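Chain and residue survey
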Amino acid sequence: MHDVVCDKCGKECQVPFKPSSDKPVYCSECFKSGGSGGSRRGGSSGMSPEQFNQINEKLDKILEVLQTLEVEDDSEEE
Ligand SMILES: [Zn+2]
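Quick look at the pattern of salt bridges now. Across all of its chains, the model carries 1 salt bridge by this definition. With a closest N to O distance of 2.8 Å, E29 and K11 form a salt bridge. A residue pair is termed long-range when its members are at least 10 positions apart, and E29 in helix α1 (residues 28-32) and K11 in the loop between β1 (2-5) and β2 (12-15) qualify at 18 residues. What makes K11 partly exposed here is its relative accessible area of 39%.

Here is the structure:
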């Protein structure tokens, strides 16, 4: 058990996990009342628009390769 001070009510309490400095720690009462809600970081997928564009570019290249392969397959069949 680790001694912590509740980030919400300021009460001294103990938690079974090691408290990290970048996350608020709540006592059992505040935790039950939903004290950890509302602080979400980043988007739902955690992907930035730049990363999304990079992946799109890669997908375009892959599609190009696949299309050329399909054309070759068709010419072989007939
Ligand atoms: Zn509390």
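Having seen the model, we can carry on.
Those donors, C6 (SG), C9 (SG), C27 (SG) and C30 (SG), are the protein atoms that reach the zinc ion, and they lie 2.3 Å from it. Mapped onto the sequence, the donors of the zinc ion take the spacing C-x2-C-x17-C-x2-C. Across the pair, exposure class does not vary: C27 and C30 are buried alike.

Attention shifts here to the pairing of β2. The alternating pattern of β2 places C13 and V15 on a buried face and E12 and Q14 on a face that is not buried. Here β1 pairs with β2 via 4 bridges, running antiparallel. In the sheet register, V5 faces β2, and the bridge partner there is E12. The hairpin turn running from β1 into β2, its antiparallel successor, is 6 residues long, and G10 in that turn takes a positive phi close to 80°.

Attention now moves to the environment of M1. In this structure, M1 sits in the segment before β1. Counting along the chain gives 17 residues from M1 to K18, while the straight-line C-alpha distance between them is 7.9 Å. Not counting the four nearest positions on each side in its chain, M1 is found in contact with Q14, V15 and P16.

A cluster of nonpolar side chains, namely M47, F52, I55, L59, I62, L63, V65, L66 and L69, defines an oily patch on the protein surface of about 810 Å² accessible area. Secondary-structure assignment places I62 in helix α2 (residues 49-77). Judged by its relative accessible area of 48%, I62 falls in the partly exposed class.

Procedures and definitions
- Residues numbered from 1 in each chain as written.
- Predicted model: local features only at pLDDT ≥ 70, side-chain atom pairs only at ≥ 80, totals over all residues.
- Heavy atoms only, no water.
- Salt bridge = Lys/Arg side-chain N within 4 Å of Asp/Glu carboxyl O.
- Helix = DSSP H or I, 4+ residues; strand = E, 2+ residues; numbered from the N terminus.
- Buried < 20%, exposed > 50% of the residue type's maximum accessible area, 1.4 Å probe, protein only.
- Donors = N, O, S within 2.8 Å, 3.2 Å for Na, K, Ca; no water.
- Pairing = 2+ DSSP bridges.
- Contact = heavy atoms within 4.5 Å.
- Patch = residues over 30% accessible without salt bridge, like charges linked within 9 Å, V, L, I, M, F, W, Y side chains within 5 Å.
- Areas by Shrake-Rupley, 256 points an atom, 1.4 Å probe, with all protein chains shown as cover.

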